[in-house]
Amino acid sequence: MDIQFLGATGTVTGSKYLVRHGGATLLVDCGLFQGYKQLRLRNWAPLPVRAADIDAVILTHAHLDHSGYLPLLAKQGFRGPVYCTPATFALCRLLLPDSGHLQEEQAEYAGRHGFSKHKPPLPLYTREDAEACLDLFKPVEPHHAWEPVPGRTSPPIIATLSLAGHILGAASVHLRVGKQSILFSGDLGRPNDLVMEPPEAPPAADYVVVESTYGDRRHSPVDPLIKLADVINQTAAQGGVVVIPAFAVGRAQSILYGIHQLKARHAIPSIPVYLNSPMATEATDIYSRFGTEHRLTPQQCKAMFHAAHFVHSADESRALNGKHGPMIIISASGMATGGRVLHHLVAFAPDRRNTILFTGYQAAGTRGAAMLGGASTVRIFGEDVPLRARVEVIDNLSAHADAGEILGWLGQMPKPPRKVFITHGEPGASDGLRQCVERDLGWETQVPDYLETISLN
């Protein structure tokens, strides 16, 4: 087998791993680049392989940095199957059309307000493109072995998915060809996540491709709900608004459940809570359909669903910006790269009484990273918005395993692999995990470069 790293090298976005064996070409993950402009421009650059020559795609999970390039791949001529868990398919049916819709909206807005160099500005793909690619999906149950490219190689490629925590449907991908095997961790969840079950122990593999989002740090052991209550109470006391940019899938549900718990304990005042993300609303409902993949009982799922008022229409969304605090608004996207949360930032970021609360990783080059870095203004819709609101972060609500938790997961492998490839991290995080794996486990490691091809002999 050969593996080429088409993304998630030196960054946490754009996950794409091209696996070649015999006459077969398989893509593990098909994600969008986000963050810095030079990364986002890669979304427009041609892949080093024709889309029509890719036999199949296997997704580790539904987040756009792992699935969001699929509509474009299909638009470019890919016609093979897309394999993933049933829960990942359910979430992709929400995320991908929404991604196309947002890109159309952003292109239209840029053209109307004249802050794009392109005339007219075009979306990377449309909602229609995204809906069309959904016909290619073929969900596969976890732990079921199958041939993703049947009849193309001898010996055949055998694939198996194991649950990785992180979000609903998230999986690690194990590929075996004869006596040789490679394991892709995907995004690993945490052993004691508020909502999700811990990642399953990894199977034996000759090679491992492992994420390193938090590869150079450990999450705080302090209960994240203490910080959440602190921020809400302080902001509410001065009549302010807490704006929480949150990923519609995973983070929004954890925050909702956390707020439910805090209100049940009377740890925060009974102030209005709004979930302003139609996609997060639908994703929350999906949690009740896949109850075996998370910790919540049906009653707890129901309580999470009723922890906030769900905002559906654009008019109701705009009306929130005219309301006064105290209140809490949870809205996508989690790194403030798009979505309805941008309108709330324009409305509430200039007021010192308010708080912008981030609850997850902020990739370099995103608005979220700039705000946490101390920016005095944030550029939204072509204008510089004053940032006078307090900016806070709760790191340990993250759905990503930290360095110690990744080592703990790797340490459960039945035998040491020949080599570990460390990806999906900023340079410092990937190198930090490299040092940990070499020092603590004594395993050989490599941090691949963008577009690097490695032969697995």
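See the structure above.
In this report, we go over the structure that sits alongside the text. Just so you know, these numbers come straight off a predicted model, no measurement behind them. (Residues numbered from 1 in each chain as written. Predicted model: local features only at pLDDT ≥ 70, side-chain atom pairs only at ≥ 80, totals over all residues. Heavy atoms only, no water.)

Here we take up the overall build of the chain. Within the chain one finds 14 helices and 21 strands. C-alpha atoms of the chain, sized along the principal axes, occupy 65 × 50 × 40 Å. In the chain, buried positions account for 59% of the 457 residues. Taking all contacts inside the chain whose residues are at least 6 apart in sequence as the whole, residues at least 24 apart take part in 74%. In the chain, the 41 positive side-chain charges and the 43 negative ones have mean positions that sit 3 Å from each other. (Helix = DSSP H or I, 4+ residues; strand = E, 2+ residues; numbered from the N terminus. Buried < 20%, exposed > 50% of the residue type's maximum accessible area, 1.4 Å probe, protein only. Contact = heavy atoms within 4.5 Å. Lys, Arg positive; Asp, Glu negative; His and termini not counted. Charge placed at Lys NZ, Arg CZ, Asp CG, Glu CD.)

We now examine a nonpolar patch on the surface. There is a patch of nonpolar side chains on the surface, built from Leu-41, Trp-44 and Leu-122 and spanning about 370 Å² of accessible area. Relative to the helices and strands, Leu-41 resides in the loop between helix H1 (37-40) and strand S4 (56-58). (Patch = residues over 30% accessible without salt bridge, like charges linked within 9 Å, V, L, I, M, F, W, Y side chains within 5 Å. Areas by Shrake-Rupley, 256 points an atom, 1.4 Å probe, with all protein chains shown as cover. Salt bridge = Lys/Arg side-chain N within 4 Å of Asp/Glu carboxyl O.)

The next subject is the nonpolar core. Here is a general trend for soluble globular proteins: nonpolar side chains tend to be buried in one another's company. With 97 residues, the main nonpolar core has Val-57, Leu-70, Leu-73, Phe-137, Val-210 and Ile-330 as its most contacted residues. A total of eight residues in this core trace back to one element, the largest contributor, which is helix H4 (residues 86-113). Val-57 has contacts with Leu-26, Leu-27, Cys-30, Leu-70, Leu-73, Phe-78, Pro-81, Val-82 and Tyr-83, leaving out every residue within four places of it along the chain. Counting residues in hydrophobic clusters, the runner-up holds 29 residues, among them Met-1, Val-173, Val-209 and Phe-421. (Core = buried A, V, L, I, M, F, W, Y, C linked by side-chain atoms within 4.5 Å.)

What follows is about helix H14 (residues 427-441). Spanning 15 residues, H14 covers 21 Å between terminal C-alpha atoms, matching the ideal 21 Å at 1.5 Å per step. Buried within H14 we find Ala-429, Ser-430, Gly-432, Leu-433, Cys-436 and Val-437. What you see down the axis of H14 is that its buried residues fit within an arc of 160 degrees, all on one side. Projecting away from the buried face of H14 at angles above 90 degrees are the exposed residues Pro-427 and Arg-439. At its buried positions, H14 is contacted by strand S10 (207-211), helix H13 (403-410), strand S19 (419-423) and strand S20 (445-446). (Expected span 1.5 Å × (residues − 1). Arc of directions from axis to C-beta.)

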